[in-house]
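Below are the chains, spelled out letter by letter.
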Amino acid sequence: MVPPKRRKVSSGSSRPDKASKFPQVVSYLLERKMGSSRRTFLTQLGRKKGFRVDDTFSESVTHVVSEKNTGDDVRRWLTSQGHDRTPAHLVDVGWLTDSLGAGHPVDILERHKLREQPTSGGCEVATLSIPVYACQRRTALNNNNAILTDALSLLAENAELCDDDKRGLAFRRGAAVLRSLPEAVTNMRQLRGCPCLGEHSLKVIQDILETGASCEVESTKQSERYQAMKVLTGIFGVGVKTADQWFRDGIQNLHQLRQSGRTLNRAQRAGLAHYDDLGLPVTKSEADTIANIVEEAVLAELPGSRVTLVGGFRRGKLSGHDVDFLITHPQEGREEGVIPKVVSRLEVQDFLLYHKTSRNSYMESKDGPAPPASSMDHFERCFTIFGLATGDAEGRARRRAVRVDLVVSPFSQFAFALLGWTGSKLFERELRRWATREKNMTLSSHALYDNNQGRYLKAAREEEIFAHLSLDYIAPSDRNA
Ligand code: UTP
Ligand code: MN
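This write-up is about the structure you can find in this document. Quick caveat: nothing in here was measured; it's all calculated off a predicted structure.

How each quantity is defined
Residues numbered from 1 in each chain as written. Chains lettered and ligands numbered in written order. Predicted model: local features only at pLDDT ≥ 70, side-chain atom pairs only at ≥ 80, totals over all residues. Heavy atoms only, no water. Helix = DSSP H or I, 4+ residues; strand = E, 2+ residues; numbered from the N terminus. Rg over C-alpha atoms; globule rule 2.2 N^0.38 Å. Buried < 20%, exposed > 50% of the residue type's maximum accessible area, 1.4 Å probe, protein only. Contact = heavy atoms within 4.5 Å. Pairing = 2+ DSSP bridges. Axes fitted to C-alpha atoms, helices over the stretch in contact; angles between N-to-C directions. Disulfide = S-S within 2.5 Å. Right-handed = clockwise from strand over helix to strand, strands pointing away. Donors = N, O, S within 2.8 Å, 3.2 Å for Na, K, Ca; no water. Core = buried A, V, L, I, M, F, W, Y, C linked by side-chain atoms within 4.5 Å. Near = heavy atom within 4 Å. Polar contact = N/O pair within 3.5 Å; in protein donor to acceptor, adjacent residues only side chain to side chain. Nonpolar A, V, L, I, M, F, W, Y, C, P; charged D, E, K, R; others polar. Phe/Tyr/Trp six-rings, centres within 6.5 Å; stacked < 30°, edge-to-face > 60°. Salt bridge = Lys/Arg side-chain N within 4 Å of Asp/Glu carboxyl O.

## So, the overall build of the chain
Working step 1: Of the regular secondary structure elements, the chain holds 21 helices and 14 strands.
Working step 2: The C-alpha radius of gyration of the chain comes to 25 Å, within 12% of the 23 Å expected for a compact globule of 481 residues.
Working step 3: Counting every position in the chain, which comprises 481 residues, the buried fraction comes to 49%.
Working step 4: For the chain, the share of sequence-separated contacts (at least 6 apart) that also reach a separation of at least 24 residues comes to 68%.

Next comes the structure, spelled out in structure tokens:
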């Protein structure tokens, strides 16, 4: 099942001993506060100079190198990773730079040792222990810092609308940290030592705490481009690239789009036709109504199937932008081809305003273990727009359009699909980032591949996936990062 080429890959990017001139010294660089680009830079520089620098922490590490952390910070981090008894030296980045300068590992001098006492302040000490990855934290639905997270999320959205996903992600990670705090931030001091908040995010927060608003956020909100892009990408079937082209052609709203005579594809035509409805939040009770309809149709077409409400509603959200369902059958293979049957049935029952099915294209031998090129996975899947019977303000019967995603997973991949489709999106991204960078594994909604062992790790339940990744289990309701 595993392509032979993959099997040969040794312990991933952790260099084997022979590449090192100093095999008795194994460094591990802590990303916390150092930042990922500096960490990558120092790692590569160290290796170039013949030092062994591992990407993941293990028992072979002799020197844990960190920057701007106290000894307590590092020990807390090690404890959170289950390595509280490591005999490794905890040293400041100065030890590494001195060693690189000397061309060999130098003795640990007094100035290389970490400060032991964190600076005082109750909340600060608390923020120091916040783990860096969102998948290491519990994030419930209630948000004590909504004003701040809304501001950072808007800047994230704007960055994404400018096709700057990296910047977008930085703001999203900042927002996620604030969202996980147990109390409202009222003073910048509370954020000292808090991970994932860069200079830019801190400036935005400071402006809001001091003046009640951030100029940058307010001017973004008012900007022509942001407003137009939000309207245009709000059309089902329209992505950033298309919207950007339209905007550059002078189209800023739906009226101008209609007037422009642009050729729209079928999804976009449906999106435009149902624009207002699809912009309304879907309530939990609408989701439950749709769940009954979908379950009835799936069970009629494939008895014994399991239909699970996933996405935001599984995390306990009371509203969402769509409703997501994951379908599987305990007898592997039985699930194949169920989507067209279910869709035909729903069509006959006149529930569908739009549907488009994509075929399952995932093959472990072909696609694994590398993550898919796009964030799109390869399940048999159907994007639909349901028309729910309802009444308008005057009590006239009408159909309310709601986006519904149906995804089918083979039973053996179900736990991975469930984890991948429960979200939140940031939680998923962080899980994958953690897997890759801290565990040298590749996680997708289909499978988990261990690059160290050169094999897939099976799981029948989400709990097992967290365990494979050495993470505490986080329940869906705490994945609202
Ligand atoms: P959604 O975009 O539906 O997000 O994706 P959500 O959390 O349910 O939010 P609302 O309430 O609808 O606004 C649900 C999950 O499915 C995954 C996403 O990563 C997210 O975790 N997903 C979505 C995929 O894995 N692939 C996709 O193509 C789309
Ligand atoms: Mn959803």
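## Some points on the sheet that holds strand 2 (residues 52-54)
Working step 1: The strand order 2-1-3-4 describes an open sheet built from 4 strands, whose pairing is parallel. Unpaired on one side and paired on the other, strand 2 and strand 4 (89-92) mark the two borders of the sheet. Neighbour to neighbour, the strand axes of the sheet diverge by 35° on average, direction disregarded.
Working step 2: In this structure, strand 1 (residues 26-29) lies alongside strand 2, joined through 3 bridges in parallel fashion. Within strand 2, the residue paired with Ser-27 across the bridge is Val-53.
Working step 3: Each of strand 1, strand 3 (63-66) and strand 4 is contacted by helix 4 (residues 93-102), which is oriented at about 75° to strand 4, the strand it contacts most.

## So, the state of the cysteines
Working step 1: In the structure shown here, the tally under the stated rule is 0 disulfides.
Working step 2: A disulfide-free cysteine, Cys-194 has its sulfur positioned 7.6 Å from the sulfur of Cys-196, the nearest such atom.
Working step 3: Residue class for Cys-194 comes out buried when judged on its relative accessible area of 9%.
Working step 4: Judged by relative accessible area, which is 23%, Cys-196 ranks as partly exposed.

## Points about the pairing of strand 3
Working step 1: Neither face of strand 3 is left uncovered, since the one carrying His-63 and Val-65 and the one carrying Val-64 and Ser-66 both have all their residues buried.
Working step 2: In terms of strand pairing, strand 1 meets strand 3 through 3 bridges, oriented parallel. Looking at the pairing, Tyr-28 lines up with Val-64 of strand 3.
Working step 3: In the sheet, strand 3 pairs with strand 4 via 4 bridges, with the strands oriented parallel. Residue Val-65 lies in a different strand from strand 4, and its bridge partner there is Val-91.
Working step 4: Each parallel crossover has a hand, and for strand 3 linked through helix 3 (residues 71-80) to strand 4 it is right-handed.

## Some points on the pairing of strand 11 (residues 397-408)
Working step 1: Extensive coverage of strand 11 is indicated by the burial of 9 of its 12 residues.
Working step 2: Connecting strand 10 (residues 380-391) to the antiparallel partner strand 11 that follows it, the hairpin turn spans 5 residues, and Gly-395 within it adopts a positive phi of roughly 85°.

## Side note on unusual backbone geometry
Working step 1: Cis geometry is found at the peptide bond from Gly-423 to Ser-424, where omega equals -5°.
Working step 2: Checked against the element boundaries, Ser-424 lands in the loop between helix 19 (414-422) and helix 20 (425-439).
Working step 3: The backbone of Lys-68 shows a phi angle near 60°, a positive value even though the residue is not glycine.
Working step 4: Mapping Lys-68 onto the fold places it in the loop between strand 3 and helix 3.
Working step 5: For Lys-68, a relative accessible area of 57% puts it in the exposed group.

## Quick look at the coordination of the manganese ion (ligand 2)
Working step 1: Binding of the manganese ion (ligand 2) to the protein goes through Asp-322 (OD) and Asp-324 (OD), at separations of 2.0 to 2.1 Å. Exposure class is identical for Asp-322 and Asp-324. Each is buried.

## Re the nonpolar core
Working step 1: Counting residues in each nonpolar core, the largest one holds 36 residues, and the members touching the most others are Leu-178, Leu-191, Ile-235 and Trp-246.
Working step 2: Looking at this core, the elements that each hand over two or more residues are helix 6 (146-161), helix 7 (165-180), helix 8 (199-211), helix 10 (224-233), helix 11 (240-248) and helix 12 (254-260).
Working step 3: If you tally residues by element for this core, the top one is helix 6, at 7 residues.
Working step 4: With 28 residues, the next largest nonpolar core counts Ala-291, Leu-346, Leu-388 and Val-402 among its residues.

## Let's talk about the site of ligand 1
Working step 1: For ligand 1, the set of nearby residues contains 17 residues, the closest of which are Gly-312, His-321, Asp-322, Arg-381 and Lys-425.
Working step 2: Contact distances for ligand 1 include 2.7 Å between an oxygen atom and a side-chain N or O atom of Asp-322.
Working step 3: Separating an oxygen atom of ligand 1 from a side-chain N or O atom of Asp-324 is a distance of 3.0 Å.
Working step 4: Elements with a minimum of two residues in the shell around ligand 1: helix 16 (311-314), helix 19 and helix 20.
Working step 5: The residue inventory of the shell around ligand 1, partitioned by class, reads 2 nonpolar, 7 polar and 8 charged.

## Structural notes on the sheet that holds strand 10
Working step 1: Judged by pairing direction, the sheet is mixed, and its 5 strands sit side by side in the order 6-8-11-10-9 without closing on themselves. Two strands lie at the open edges of the sheet, namely strand 6 (306-310) and strand 9 (352-358), each paired on one side alone. Taken pair by pair, the neighbouring strands of this sheet meet at an average axis angle of 25°, ignoring direction.
Working step 2: Running over the sheet, helix 13 (residues 266-273) touches strand 9 and strand 10 and is turned about 150° from strand 9.

## A word on the packing of aromatic side chains
Working step 1: Per the stated rule, a full pass over the model turns up 10 aromatic pairs.
Working step 2: The interplanar angle of 50° and the centroid separation of 5.0 Å between the aromatic rings of Phe-22 and Phe-51 together place this pair among those described as tilted. A residue pair is termed long-range when its members are at least 10 positions apart, and Phe-22 in the loop between helix 1 (4-8) and strand 1 and Phe-51 in the loop between helix 2 (36-48) and strand 2 qualify at 29 residues. As far as burial versus exposure is concerned, Phe-22 and Phe-51 are alike and both buried.
Working step 3: Between Tyr-28 and Trp-77, the aromatic rings sit 5.7 Å apart at their centres with planes inclined by 20°, giving stacked as the arrangement.

## A closer look at the pattern of salt bridges
Working step 1: Tallied over the entire structure, the rule returns 34 salt bridges.
Working step 2: Among the salt bridges present, the one from Glu-160 reaches Arg-172, with a minimum N-O distance of 2.8 Å. Linking Glu-160 in helix 6 with Arg-172 in helix 7, this pair joins segments that are 12 residues apart in sequence.
Working step 3: Residue classification places Glu-160 among the partly exposed residues on the basis of a relative accessible area of 23%.
Working step 4: By relative accessible area, which is 28% here, Arg-172 ends up partly exposed.
Working step 5: Ionic pairing is found between Glu-218 and Lys-221, a salt bridge with its closest N-O pair at 3.6 Å. Highlighted residues: Glu-218 and Lys-221, both in helix 9 (residues 215-222), separated by 3 residues, approximately one helical turn.

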